Amino acid sequence: TMRLSEYFDLLSLADDDSNKPSALLREATRAALWQELSRSDANRVLPVASRDEKVREWLPVRPTTLLRADLKHLQDVQDKLIADGMKLCLLPADLLRQMLAADSPLVPSHLRPQHVSPRVLCDFLKEEQRRVRPAKLRSLGSIALVSALLRFVLPEPVVPKEKDAAPPPVDLGILEGVPLLVLNDESIVEFGDATCFWNDAALLLPHAPKLCVHEKISRDLRTASRSIERVKEACDRLGIRKLRTADLAEHREKIHEERCYESDEWLGAFWTFLKGQEVRRAHLETFASWHVLKVERFGDAADLSYIPLGEAGATFDLHAVDSDWQGDVRHLLTDCRVHVPHAGLLEDNTLLQALVPRGDDKLVSLLAEKLEQLGDHFSARMREAVLKYFAMRRQNSGIVLSTLRKMPLFLRANPTATERSLRSAGEPSVGSRFVPLDLSGVRYYHLYDTKHTKHKHAGNLMQLRLPGCCFLAMDSHQTGFQELYKSLGVYSVDTLTFVTETLPGKLASALGGRGSEAEANRVLEELTAWVVDEDELNRKRVADAVKKVAFVPCVDGERRPRPARDLVDADAPVAKAFAADLQHALPEPRFFQAHRKMLKGLGMRSYLRPAELKLCADRLAASVDPLSEETTKQSFWLVEALASNLLFVFNKVDPAKRKPSSDVLAAARGRVL
């Protein structure tokens, strides 16, 4: 059997020595031979054969006859095409070159065979694949074969003539209906048969490989132009497009069923996908219920390692906190059940960083929300931890301070107060132990004992129920607490200053309000401790501050309370003798008996003033029975009082002041004996 190479040598009249005189004769003879062979279709001289020279068929020299493409990457696939029924003639390279030359003497130009073209190949694949379906053509037996065919069919990228000119549009209409589209499950479908997505969507849809183009085919398609956008525009018309938010949203149930989001690779692809969207806020709302926010585990909440994206605002970026404070903040967030996004997820993820709160302003707002949600479950230790953190921070913003004032974080110095007493004092009725600092009309104090006082008063004072005052307990040894309280508007004062400057203005309302008698007595007991038990200097300072305050109830009951210095000691003989006439100047008996020492310390008199002496004298002069025992007793004590007053006046150092008042003289002239 003759080999094809020998056959073509015979037709070419081959001779190794081209310099022999017979060379011209041989060329002329070869041209005449081929011209004769081209005259009739009966002359089938072109073999349809594979590279191993297995001839399947012989074809005439005609323009419809196809020649194998002289391309390296198509050699294997052309053998497969021939096996599938495509008639591709195999010719030696020299003979092929001579036949296709423009001035070829072998074959007239109108009879010259053609190389297989992209259009012819596409038409063949469409027809043959539809004919043998559901079987697969041998030329489509592997991704490598399909890729080789696709690269042959795709147009060469056009380079713009001008340097900065935009690349021209790409026309891929030739691929319509051609079975050269390989999907991620390695199945082969026709271009335009259904919508599918570029390969970068494969990571997001691992359960649906039939919806994504194979990576190798994606790369091949992108070679059609130097502009990726131009390629995507052309492929969009063939049903190949990028994954959209609505597309991905359709697969929510399957993705959550298979827990795809637990894969770091899937999460990375998801955030890359989101960053590529234009209107990000709208897309984030679409994925609000998706468990794509990976958080650090805490406590026993092992099932909360992935939470819905919509809860990002309720998390906190712990890793943005200074390393010195991270430990304290972590414990605080754990106690409050606030999730911390995984550090790797936040790194270089500007989109997620914009969603997750960070910084002290956001932290305090988050803690305020948690405090409101947890209520009494927000323990004392947690509240102290909040204050401790912001106290250590020192330089807090206005937002932080404003929010802290509204939070019930501050321990009352009298935490056992009942709701009724809190309400009656105009203070908040929540929590009783902890209060905010934003109640209108209330001042917040922290008291500390004055160094030079004889007794400790701070503890007792802070148990008082004074209207408009709320006393706070503060550990003065905690670093930064005093500075924080000061910046929050808490008055930190010593006990002597408070008693001399603040207490006098609260006495009347504290004793005359709706509070219990026991609470009023505590106020008076503390006042007594100052004006009776303290050393002389402190007694005088407190007495000077309080002596003009009208808080002592009188016997008459109808008049307003009087200052202690305006009252007469009810045990003074003259006061007893004229008790009925001096009701406006006598303290209420029970009050007098209970607080006699305090009243004396505040200046309660044992003598009568001139107006009071005249009043008693007028009463005596109007007596019906001047010789009665009672009148005699009144006369005696009135004379004693007048004598005492005159003696006091006449003994004054300044001669100008040694003049009795007109009321005293008028009383002395009356019928007092």
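Let us look at the structure shown here.

Calculation criteria
- Residues numbered from 1 in each chain as written.
- Predicted model: local features only at pLDDT ≥ 70, side-chain atom pairs only at ≥ 80, totals over all residues.
- Heavy atoms only, no water.
- Helix = DSSP H or I, 4+ residues; strand = E, 2+ residues; numbered from the N terminus.
- Buried < 20%, exposed > 50% of the residue type's maximum accessible area, 1.4 Å probe, protein only.
- Contact = heavy atoms within 4.5 Å.
- Areas by Shrake-Rupley, 256 points an atom, 1.4 Å probe, with all protein chains shown as cover.
- Lys, Arg positive; Asp, Glu negative; His and termini not counted.
- Charge placed at Lys NZ, Arg CZ, Asp CG, Glu CD.
- Pairing = 2+ DSSP bridges.
- Axes fitted to C-alpha atoms, helices over the stretch in contact; angles between N-to-C directions.
- Core = buried A, V, L, I, M, F, W, Y, C linked by side-chain atoms within 4.5 Å.
- Expected span 1.5 Å × (residues − 1).

### Regarding the overall build of the protein
Along the backbone of the protein there are 31 helices and 16 strands. With the principal axes as the frame, the protein shows a C-alpha extent of 185 × 50 × 40 Å. Looking at the protein as a whole, 45% of its 673 residues are labelled buried. Sequence separation of at least 24 residues holds for 65% of the intrachain contacts in the protein that already meet a minimum separation of 6. Accessible area of the protein: about 35300 Å², with a carbon and sulfur share of 50%. Distance from the positive charge centre (95 side chains) to the negative charge centre (94 side chains) of the protein: 5 Å.

### Description of the environment of Phe191
Here Phe191 is to be found in the loop between strand S7 (188-189) and strand S8 (196-197). Among the residues examined, Phe191 registers a relative accessible area of 1% and is labelled buried. Residues within four places of Phe191 in sequence aside, it is in contact with Leu150, Leu175, Glu176, Gly177, Val178, Leu180, Leu181, Leu221, Leu238 and Ile240.

### Side note on the sheet that holds strand S16 (residues 491-494)
The sheet built from three strands is open, its strands ordered S15-S14-S16 with parallel pairing. Both outer strands of the open sheet, strand S15 (469-471) and S16, are each paired with one neighbouring strand and no more. Across the sheet, the mean angle from the axis of one strand to that of its neighbour is 40°, orientation sign disregarded. The pairing of strand S14 (residues 443-448) with S16 spans four bridges and is parallel. Counterpart to His446 in the pairing with S16 is Ser492.

### Concerning the side chain of Arg605
Here Arg605 shows up in the loop between helix H28 (596-601) and helix H29 (610-621). On the basis of relative accessibility, which here comes to 3%, the residue Arg605 falls in the buried class. Setting aside residues up to four positions removed in sequence, Arg605 forms contacts with Arg565, Asp566, Leu567, Val568, Asp569 and Glu612.

### A look at the pairing of strand S1 (residues 44-49)
Of all the six residues making up S1, five are buried; the element is thus mostly covered by neighbouring parts of the structure. The hairpin formed by S1 and strand S2 (residues 55-60) contains five residues between the paired strands, and Glu53 there has a positive phi angle of roughly 65°.

### A look at the nonpolar core
Counting 67 residues, the largest nonpolar core has Leu125, Leu175, Leu180 and Leu221 as its most contacted members. Here Leu180 is in contact with Leu125, Leu140, Val146, Leu149, Leu150, Val153, Ile188, Val189, Phe191 and Ile217, once residues within four sequence places are set aside. Counting 41 residues, the second largest nonpolar core, distinct from the first, contains Val340, Val364, Phe410 and Tyr485.

### Examining helix H5 (residues 118-132)
Helix length check: H5 (15 residues) gives 21 Å between terminal C-alpha atoms against 21 Å at 1.5 Å per residue, within 8%. What H5 keeps buried is the set Leu121, Cys122, Phe124, Leu125, Lys126, Glu128 and Gln129. Against helix H3 (75-83) and helix H6 (143-153) lie the buried residues of H5.

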